[in-house]
Amino acid sequence: MTTAFDHRLVLAKGRILDGCGNPWFWGDLAIWQGRIAEIAPAGTLQGQQIIDVGGRFVAPGLIDVHTHSDLSMLVNRRAESAVRQGATTHVIGNCGMSPAPLDEDHLADMRHYWGRISEQPEITWEWRTFDQYLQTLQSGGLAINVASLAGHAALRMAVMGLDDREPTPTELARMQELLAEAMEAGAFGISTGLVYPPGCFASTEEIIALGQVVARYHGLYASHVRGERETILDAVAEAIRIGREAGLPVHISHNAPKFGAPCDATANLRLVEEARAQGQDVTVDNDVHTDLGPPLTGGLPQDIQERPVAEITALLQHPDTRRQVREEIVLDRRPAFGPAGLLKHGQWQRITILHAPRSPDVVGQTIEAIARGRGQDPFDVYFDLIVENGHDVDAIFDYIDQADIRTLLQHPAVMICSDGQALAPYGFLNDPPPYSPCSYGEFPGVLERYVRDDPVLTLEEAIRKMTSFPAQRFGLMDRGVLRPGAWADVVVFDLERIHDRATNLYPHRYPAGIDYVFVNGVLVVEGEKHTGALPGKVLRHRRETTT
Ligand SMILES: [Zn+2]
């Protein structure tokens, strides 16, 4: 039995990567009672079970600081696509969205926000408080650890639904109260999604007022900033200002400039460097994918994208309102999410239809090609596909420059995240198969393409950006490193064999070369197979309030 806590297991003769960026060394690592018991020269340690890893790399389990596994992990507690990559901790509650706190009166808004997954039987929506949600996560067991941020959108929705307005003083006070409750329950901070409804309806001052609550608990501010294209520099400056005025660290999410940005990644990183030079704690995460597969409705102006589908269809069917919606998209006065830049700038050749159940003939074609075939304006094709399919039409938007991904990967203040979620190539999470290569292959892909084949990073630096750096950022000081006493979240991989099978192959497959994954000392992946073990913990940020 290899999953018990009560026997000592030794990973022998590995090349040990400590997670801190130090060069690897030959060593043995002993695991006992969930923790790393000992690290010693190769071939010297004894135990009830010895696994000779034969020179493969032994590293801390990977910590993915930007995921959206909040509900997918309830649907499939084995966290398949995460743990098969070597991820042992997911940070959830990103981009302003967490499934709690939740108010009875706004349950419909919340369900609508999460879309189809909210109808799954495993998503009971029985929780109301943040603590109850965390208990729900823990109660059925999880394959990996989870740390959650409190989503600003959830707080706002619980108090004022999807209203496009400022909160009253009473409403703001209620949001602060709910946030304090979430922090008491163990949230690691607050996240915002300032391009999505209802986050985009909030002023900077509203977020500062909430940030002050988080600061009392020593949490952090994580943000999908207010536009990552034309407005990227103002948006990064806003995030930094919020941190400065509320007095808390700032973590900027997936901050690659998207198509339409006036600058390359060096410009937003310069703002981060300047803030750090002035003593402000600002960090960034990014993933290495140049495209995204959202629903086409995500590109509509925020004040209409959350309406019932019949209303959206009616708006798009009438020529006058269709023209107005088109003008709004092009004006982009309230910056919409990154991919919408391709609509604004008429980059129809960069948008390829992935799923469209009621227009199957167009799947695999770009909007530009469909428009040519139909003899139509591409904007009209975009609207017609929404009229035909509602929210069920997804496309691949090719909207990020590879050069920026390399710049971000190399910057010392940028950690590596997936911006994906724990998925599985079976069941609801694969119906229809989502385009989410980051969810299946982010970390192996970095090791394969950016470390081994075309080096942009050293192996040690790449692992640091996946382990000790994210752990430090979220205050998980006993994870993300290989040191006696730390939790035994450990991954064993073969750099020669590592292969991301989620790039050219669709539907996606698990990567190769991730041979063993331990979570809290328990084997979850053995010989690239899931053991079925659910040893993950819901991590809670437990620091005393200063007031
Ligand atoms: Zn985001």
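Keep in mind the model is a prediction, meaning the values are calculated, not measured.

Caption draft 1: Summary view of the packing of helix 17 (residues 437–453) against helix 18 (residues 459–466). Following both chains from N to C, one finds helix 17 and helix 18 inclined at 155°, their axes separated by 10 Å at the closest point. Relative to helix 18, the element helix 17 lies roughly antiparallel. Considering how the two elements wind past one another, helix 17 and helix 18 form a crossing that is right-handed. Across from Phe443, Val446, Leu447 and Val451 in helix 17, the residues of helix 18 making contact are Leu459, Ala462, Ile463 and Met466. For the contact of helix 17 with helix 18, the class distribution of residues is 8 nonpolar, no polar and no charged.

Caption draft 2: Representation of the sheet that holds strand 9 (residues 150–151). One open sheet holds the 6 strands; their spatial order is 9-10-11-12-13-17, and the pairing between them is parallel. Every other strand in the sheet has two partners, leaving strand 9 and strand 17 (414–416) as the edge strands with one partner each. Inspection of the sheet shows strand 9 paired to strand 10 (residues 189–193) by 2 bridges, in the parallel sense. Bridging across to strand 10, alanine 150 finds its partner in isoleucine 190. Against the sheet, helix 7 (residues 204–216) contacts strand 10 and strand 11 (220–224), and its axis sits at roughly 160° relative to strand 10.

Caption draft 3: Unusual backbone geometry, seen in detail. Here the residue pair proline 197 and proline 198 is connected by a cis peptide bond, since its omega of 0° sits within 30 degrees of zero. Positionally, proline 198 belongs in the loop between strand 10 and helix 7. Following aspartate 431, the chain continues to proline 432 via a peptide bond in cis, the omega torsion being -5°. By secondary structure assignment, the location of proline 432 is in the loop between strand 17 and helix 17. Here lysine 13, not a glycine, exhibits a phi torsion of approximately 60°, which is positive. With respect to the secondary-structure elements, lysine 13 resides in strand 1 (residues 9–16). Its identity as a non-glycine residue notwithstanding, asparagine 520 has a phi of 50°, on the positive side. By secondary structure assignment, the location of asparagine 520 is in the loop between strand 19 (514–519) and strand 20 (522–526). Using a relative accessible area of 0% as the deciding quantity, one classes asparagine 520 as buried.

Caption draft 4: Summary view of helix 9 (residues 265–277). The terminal C-alpha atoms of helix 9, which comprises 13 residues, lie 18 Å apart, in line with the 18 Å expected from a rise of 1.5 Å per residue. Within the sequence span of helix 9, burial applies to Ala265, Ala267, Asn268, Leu269, Val272 and Ala275. Check the buried side of helix 9 and you find it contacts helix 8 (232–246), strand 12 (250–252), strand 13 (282–286), helix 16 (402–410) and strand 17. Of the residues one or two after helix 9, glycine 279 is the one with positive phi, at around 95°.

Caption draft 5: Quick peek at the side chain of threonine 88. Inspection of the secondary structure assignment puts threonine 88 in strand 7 (residues 87–92). With relative accessibility at 0%, the residue threonine 88 sits in the buried group. Each residue touching threonine 88, except ones within four places of it in the same chain, is listed here: Gly61, Leu62, Ile144, Asn145, Asp489, Val517, Phe518 and Val519.

Caption draft 6: Representation of the pairing of strand 18 (residues 490–493) in the model. Going residue by residue along strand 18, you find Val490 and Val492 tucked away on one face and Val491 and Phe493 tucked away on the opposite face as well. Two elements, strand 5 (residues 57–60) and strand 18, share 4 bridges in a ladder whose sense is antiparallel. Paired with alanine 59 across the two strands is valine 491, which belongs to strand 18. As paired strands, strand 18 and strand 19 are joined by 4 bridges and run antiparallel to one another. By the bridge assignment for strand 19, phenylalanine 493 is matched with isoleucine 514.

Caption draft 7: Broad picture of the packing of helix 11 (residues 309–317) against helix 15 (residues 378–389). Running from amino to carboxyl end, helix 11 crosses helix 15 at an angle of 145°, the nearest separation of the two axes being 9 Å. The way helix 11 lies across helix 15 gives a crossing that is left-handed. The segment helix 11 lies against helix 15, with Ile312, Thr313, Leu316 and Gln317 engaging Phe383, Ile386 and Val387. Residues that form the contact of helix 11 with helix 15 fall into these classes: 5 nonpolar, 2 polar and no charged.

Caption draft 8: Fine view of the pattern of salt bridges. Counted according to the given criterion, the structure contains 40 salt bridges. Glutamate 177 is the partner of arginine 174 in a salt bridge, and the nearest nitrogen-oxygen pair spans 2.5 Å. One end of the pair is arginine 174 and the other is glutamate 177, both in helix 6 (residues 169–185) and 3 residues apart, which spans about a single turn. For arginine 174, a relative accessible area of 37% gives the class partly exposed. Between aspartate 332 and arginine 229 there is a salt bridge; the shortest N-O distance is 3.0 Å. Remark: arginine 229 occurs in the loop between strand 11 and helix 8 and aspartate 332 occurs in the loop between helix 12 (319–331) and helix 13 (340–344); sequence separation between them is 103 residues. The pair aspartate 332 / arginine 229 is uniform in exposure class, with both members buried.

Caption draft 9: Spotlight on the pairing of strand 8 (residues 145–148). With burial as the criterion, each face of strand 8 is covered, one bearing Asn145 and Ala147 and the other bearing Val146 and Ser148. In this sheet, strand 8 lies alongside strand 7 in parallel orientation, the contact comprising 4 bridges. From the neighbouring strand, histidine 90 faces strand 8, where its bridge partner is valine 146. Bridge count between strand 8 and strand 22 (residues 538–539): 2 bridges; the pairing is parallel. Each bridged residue has a counterpart across the sheet, and for alanine 147 the counterpart in strand 22 is leucine 539.

Caption draft 10: A look at helix 14 (residues 367–374). For helix 14, the complete set of buried residues consists of Ile367, Ile370 and Ala371. For helix 14, the angular spread of buried residues about the axis comes to 100°, placing them on one side. Counted as exposed and oriented over 90 degrees from the buried face of helix 14: Arg372 and Gly373. In this structure, the buried residues of helix 14 make contact with strand 15 (351–355) and helix 15.

About the criteria used
- Residues numbered from 1 in each chain as written.
- Predicted model: local features only at pLDDT ≥ 70, side-chain atom pairs only at ≥ 80, totals over all residues.
- Heavy atoms only, no water.
- Axes fitted to C-alpha atoms, helices over the stretch in contact; angles between N-to-C directions.
- Helix = DSSP H or I, 4+ residues; strand = E, 2+ residues; numbered from the N terminus.
- Parallel < 35°, antiparallel > 145°, perpendicular 65-115°, else oblique.
- Left-handed = near helix turned anticlockwise from the far one by under 90°.
- Contact = heavy atoms within 4.5 Å.
- Nonpolar A, V, L, I, M, F, W, Y, C, P; charged D, E, K, R; others polar.
- Pairing = 2+ DSSP bridges.
- Buried < 20%, exposed > 50% of the residue type's maximum accessible area, 1.4 Å probe, protein only.
- Expected span 1.5 Å × (residues − 1).
- Salt bridge = Lys/Arg side-chain N within 4 Å of Asp/Glu carboxyl O.
- Arc of directions from axis to C-beta.

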